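Structural overview
Take a look at the letters that make up each chain.
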Amino acid sequence: MTDLYAVIGNPIHQSKSPLIHGMFAQATGQDMQYTALEGPLDGFAGAVDAFRAAGGLGLNITTPFKLDAFAYATERSERAELAGAANAMKFDGDRVLAENFDGVGLVRDVVHNLNCPLKGKRVLLLGAGGAARGALLPFLAQEPAELVIANRSLDKAQVLVRIAEASGAGPVRGCTYADLAGQAFDVVFNATSASLHTELPPVPASVFAPGALAYELAYGKGLTPFLRFAQNAGVQQLADGVGMLAEQAAEAFEWWRGVRPDTRAVIEKLTVPLV
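Described in the following lines is the structure provided in the data block. Computed from a predicted structure; not experimentally measured.

With respect to the overall build of the protein chain
Helix and strand counts for the protein chain come out as 10 helices and 12 strands. Radius of gyration (C-alpha) of the protein chain: 19 Å, near the 19 Å computed for a compact globule of 275 residues. By its C-alpha atoms, the protein chain is 60 × 40 × 30 Å across when sized along the principal axes. Put simply, the protein chain has 275 residues, and 49% of those count as buried. Expressed as a percentage of contacts within the protein chain between residues at least 6 apart in sequence, the contacts between residues at least 24 apart total 69%. Here the protein chain displays about 12,100 Å² of accessible surface, and carbon together with sulfur accounts for 51% of that area. Each charge class in the protein chain can be summarised by its mean position, and for the 22 positive and 28 negative side chains these summaries are 4 Å apart.

Right, here's the structure in full:
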């Protein structure tokens, strides 16, 4: 019997998850069907209940339901607890397990695919929302020289600092964008939603150290305002989030199926030139 999986979101037409997991299933010989579900904005729980009743075994979660998924779960991983959100669920009878693979997928893309170790590097994370929360502990596990979280609101950045400190990880500090003047970093991640609105976080060009990597968490948008800004500042190593997308999907696939697919074909197929 073919096993059922899906991604749920609203809207969902833009999701690449059915393509990605279809490629993974074919490459690993898994008998599974993966579809896209558009959940009602006020009816997430009902949609998931119906999917489970139809035999569904797992879901990927995308906007705007990551908080709903976190609340729906009966058990949550440490990563999901830290992010306060879930991007994957697995169903086992009455148990609903929630995970968040965004951060670990991002780190794997940077360290393994882009060959950019974070150990000993000065890392700047722009934004303090859900994406930044999910990346926090995976980043710190790589032992950077320092992780700085910059946000319009210092209070929100400091919340993430306190989470990191409570976990015993560090060094990490928070600041506003204005505080970045005169500081330079080896790796700069844009985890804000600015690029979704063709906007740019208000950071100085000096944040990019010589040889820096500029990484845009959004994907498939070509040269976003952030990446163009970095390019104009002399940054030669630019990346968007397509590798992160593929790697977090591979983590979920392994969690569900017990086999980790190779991501290279997916990344190659989904990559949009940064021009």
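Details of the packing of aromatic side chains
One pass over the structure, following the stated rule, counts 11 aromatic pairs. Note on Tyr 34 and Trp 256: the rings are 6.4 Å apart at their centroids and 40 degrees apart in plane angle, and the pair reads as tilted. With Tyr 34 in strand β2 (residues 32-38) and Trp 256 in helix α9 (residues 242-257), this pair connects stretches of sequence that are 222 residues apart. Like Trp 256, Tyr 34 is buried. Ring pairs connect the aromatic residues Tyr 5, Tyr 34 and Trp 256, which therefore count as one cluster. The residue whose ring lies beneath Arg 76 is Phe 70, and the NZ or CZ to ring-centre distance is 4.6 Å.

What counts, and where the lines are drawn
What you see as residue numbers is a count from 1 along each chain, following the sequence as written. Residues qualify for local features only when their pLDDT is at least 70, as the model is predicted, and side-chain atom pairs are given and counted only at 80 or more; totals for whole chains, interfaces and linings, by contrast, use all residues. Each side-chain value is worked out from all heavy atoms of the structure, with water and hydrogens disregarded. A run of H or I in DSSP becomes a helix once it reaches four residues, and a run of E becomes a strand once it reaches two; helices and strands are each numbered from the N terminus. For the radius of gyration, the atoms used are the C-alpha atoms, and the globule rule reads 2.2 Å times the number of residues raised to 0.38. Partly exposed residues are those whose accessible area sits between 20% and 50% of the maximum for their type, while under 20% is buried and over 50% is exposed, using a 1.4 Å probe and protein chains only. The contact rule is simple, with two residues in contact once any of their heavy atoms fall within 4.5 Å. Residue-level accessible areas treat just the shown protein chains as cover; the underlying method is Shrake-Rupley with a 1.4 Å probe. Working convention for charge: Lys and Arg count positive, Asp and Glu count negative, and His plus the chain ends are omitted. Note on charges: their place is set at NZ of Lys, CZ of Arg, CG of Asp or CD of Glu. Side-chain rings of Phe, Tyr and Trp (the six-membered ring for Trp) are treated as a pair once their centres are within 6.5 Å; stacked means planes under 30 degrees apart, edge-to-face means over 60, and tilted covers the remaining angles. The rule is short: NZ of Lys or CZ of Arg within 6 Å of the ring centre and within 35 degrees of the ring normal puts a charge over the ring.

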